[in-house]
Amino acid sequence: MESIVHRKVEVNGVKMHVAEKGEGPVVLFLHGFPELWYSWRHQILALSSLGYRAVAPDLRGYGDTEAPPSITSYTAFHLVGDVVALIDSLGVDKVFLVAHDWGALIGWWLCMFRPDRIKAYVCLSVPFRPYIARDPKLRPVDAFRAAYGDDYYVSRFQEPGKMEAEMEQVGIPYVFKNILTSRQTGPPILPKGEYGTGFNPNTPDTLPSWLSEEDLAYYVTKFQKTGFTGGLNYYRNLNLNWELLAPWTGVGISNVPVKFITGDVDLVYTSPGVKDYIHGYFKKDVPSLEEVVVQEGVGHFNNQEAAEDVSNHIYDFIKKY
């Protein structure tokens, strides 16, 4: 990891931390919640060795990137604006995009708003879902309220400081160990006062082979400094994003070649209706979708758990373009 270069760039009003390695066409990696550039450590090394310039930022509100205090500084347009400005700073017109979890959502928005900046998109875990951006019947937070109850989603996630306090109560090391090692299928439901059991009721005493104590310590050290507020503010803008994205009602992804990769025990893939969507209407919403890969026995953090396989899939796809 010593060979990875770290620097700060000014993008869209925030100072963004960027990790990069290699020379050649740019492959830009966007992480999810609660992650960092570090989630792409394996892919940075793999792709840079294959003739690419691998670039992975800490997104707004995470790690060594600045975290604006206002909740409304984390809308879809702020997040996409950061990435477009980052691409500009790299001195290239287009990049290959690879993204996971919340980064995947930003990736879909980038393909909608600025397809001129993306050569091809490899999306991990989170498919393009019409209800996120344009369902005229139900606002996103109302959908979560209907599924999980007001106390779970509206109060505990939307109320500033509430979920952060519950995470602090059980301790940041436990939060990360619990989330990253989870094999529970379906959406995470976090019982009140029992944060950890919602993700992984059987948190192991030892880490899986793909996650070392050093890896865990890196995440813990960074989040002990920053807390989780920046990342949680992404969720606190779901309804606002729903309103802001109204002009794109009915717009799919057709101008960017797409490959989608997920694990068959991913908590998103196994959530109600998602599997049927991915193998059904997904292609209608994303006509440029070329391939869907489902990794057997792999969970949500597939870029870390099945790192070599994911790196190979990325390379096999982007080398065509």
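All values reported here derive from a predicted model rather than from experimental measurement.

**Student:** When you look at the sheet that holds strand 6 (residues 118–124) in this model, what are you seeing that I'm missing?
**Tutor:** Within a sheet, neighbouring strands are paired by backbone hydrogen bonds and run either parallel or antiparallel to one another. The eight strands lie next to each other as 1-2-4-3-5-6-7-8, forming an open sheet whose pairing is mixed. For this open sheet the edge positions go to strand 1 (5–11) and strand 8 (289–295), each flanked by a neighbour on one side alone. If you compare each strand with its neighbour and ignore which way they point, the axes differ by 20 degrees on average. Sheet topology places strand 3 (residues 26–30) next to strand 5 (residues 95–100); four bridges connect them, and they run parallel.

**Student:** So what exactly am I meant to see when it comes to the packing of helix 1 (residues 41–48) against helix 16 (residues 307–318) here?
**Tutor:** Geometrically, a packed helix pair is captured by the angle between its two axes and the distance between the axes. The contact between helix 1 and helix 16 brings their axes to 9 Å, and the two run at 45 degrees. In terms of orientation, helix 1 lies oblique with respect to helix 16. Here the hand of the crossing between helix 1 and helix 16 comes out right-handed. Residue-level contacts link His42, Gln43, Ala46 and Leu47 of helix 1 to Ala307, Val310, Ser311, Ile314, Tyr315 and Ile318 of helix 16. Classifying every residue of the contact of helix 1 with helix 16 by side-chain character gives seven nonpolar, three polar and no charged.

**Student:** Just checking my understanding: could you explain helix 16 for this structure?
**Tutor:** Because the α-helix completes a turn every 3.6 residues, residues three or four places apart line up on one side. Helix length check: helix 16 (12 residues) gives 17 Å between terminal C-alpha atoms against 16 Å at 1.5 Å per residue, within 8%. Among all positions in helix 16, only Ala307, Val310, Ser311, His313, Ile314, Phe317 and Ile318 are buried. The buried residues of helix 16 occupy an angular sector of 160 degrees when projected down its axis, which confines them to one face.

**Student:** Just checking my understanding: could you explain the pattern of salt bridges for this structure?
**Tutor:** Side chains bearing opposite charge may pair, as long as their charged atoms lie close to each other. Per the stated rule, a full pass over the model turns up 12 salt bridges. Here arginine 53 makes a salt bridge to glutamate 20, at a shortest N to O gap of 2.8 Å. Note that arginine 53 is positioned in strand 4 (residues 53–57) and glutamate 20 in strand 2 (residues 14–21), a separation of 33 residues in sequence. Given the relative accessible area of 17%, arginine 53 is considered buried. A relative accessible area of 8% places glutamate 20 in the buried class. Of the charged contacts in the structure, one is a salt bridge between aspartate 316 and lysine 319, with a shortest N-O distance of 3.7 Å. For aspartate 316, a relative accessible area of 39% gives the class partly exposed. Ionic contacts of the salt-bridge type, sharing partners, join the residues Arg7, Glu20 and Arg53 into one network.

**Student:** What exactly am I supposed to notice about the side chain of asparagine 241 here?
**Tutor:** Turning to its location among the elements, asparagine 241 is positioned in helix 12 (residues 238–244). Beyond its immediate sequence surroundings of up to four residues, asparagine 241 is in contact with Thr75, Ala76 and Trp109.

**Student:** Would you explain unusual backbone geometry in this entry?
**Tutor:** Working note: non-glycine residues mostly have negative phi, and peptide bonds are mostly trans. A cis amide bond links phenylalanine 33 with the next residue in sequence, proline 34, at an omega value of -10 degrees. Here proline 34 lies in the loop between strand 3 and helix 1. Even without glycine at this site, asparagine 12 takes up a positive phi of about 55 degrees. Structurally, asparagine 12 is set in the loop between strand 1 and strand 2. Of note, the phi angle at serine 125 is positive, near 80 degrees, even though the residue is not glycine.

**Student:** When you look at the pairing of strand 6 in this model, what are you seeing that I'm missing?
**Tutor:** The side chains of a regular strand alternate between both faces of the sheet. Where burial is concerned, most of strand 6 is hidden: six out of the seven residues are buried. A crossover links strand 5 with its parallel partner strand 6, the connecting element being helix 3 (residues 102–113), and its sense is right-handed. Sheet analysis places strand 6 next to strand 7 (residues 258–263), joined by four bridges and oriented parallel. Opposite valine 122, over in strand 7, you have lysine 259 as the bridge partner.

**Student:** Quick question: what am I supposed to make of the environment of isoleucine 118 here?
**Tutor:** Position of isoleucine 118 among the secondary structure elements: in strand 6. Isoleucine 118 gets classed as buried once you look at its relative accessible area, which sits at 2%. As for isoleucine 118 and valine 256, which are separated by 138 residues in sequence, their C-alpha atoms are 6.8 Å apart. The contacts of isoleucine 118, once residues within four sequence positions are left out, are Lys94, Val95, Leu97 and Val256.

Definitions and cut-offs
- Residues numbered from 1 in each chain as written.
- Predicted model: local features only at pLDDT ≥ 70, side-chain atom pairs only at ≥ 80, totals over all residues.
- Heavy atoms only, no water.
- Pairing = 2+ DSSP bridges.
- Helix = DSSP H or I, 4+ residues; strand = E, 2+ residues; numbered from the N terminus.
- Axes fitted to C-alpha atoms, helices over the stretch in contact; angles between N-to-C directions.
- Parallel < 35°, antiparallel > 145°, perpendicular 65-115°, else oblique.
- Left-handed = near helix turned anticlockwise from the far one by under 90°.
- Contact = heavy atoms within 4.5 Å.
- Nonpolar A, V, L, I, M, F, W, Y, C, P; charged D, E, K, R; others polar.
- Expected span 1.5 Å × (residues − 1).
- Buried < 20%, exposed > 50% of the residue type's maximum accessible area, 1.4 Å probe, protein only.
- Arc of directions from axis to C-beta.
- Salt bridge = Lys/Arg side-chain N within 4 Å of Asp/Glu carboxyl O.
- Right-handed = clockwise from strand over helix to strand, strands pointing away.

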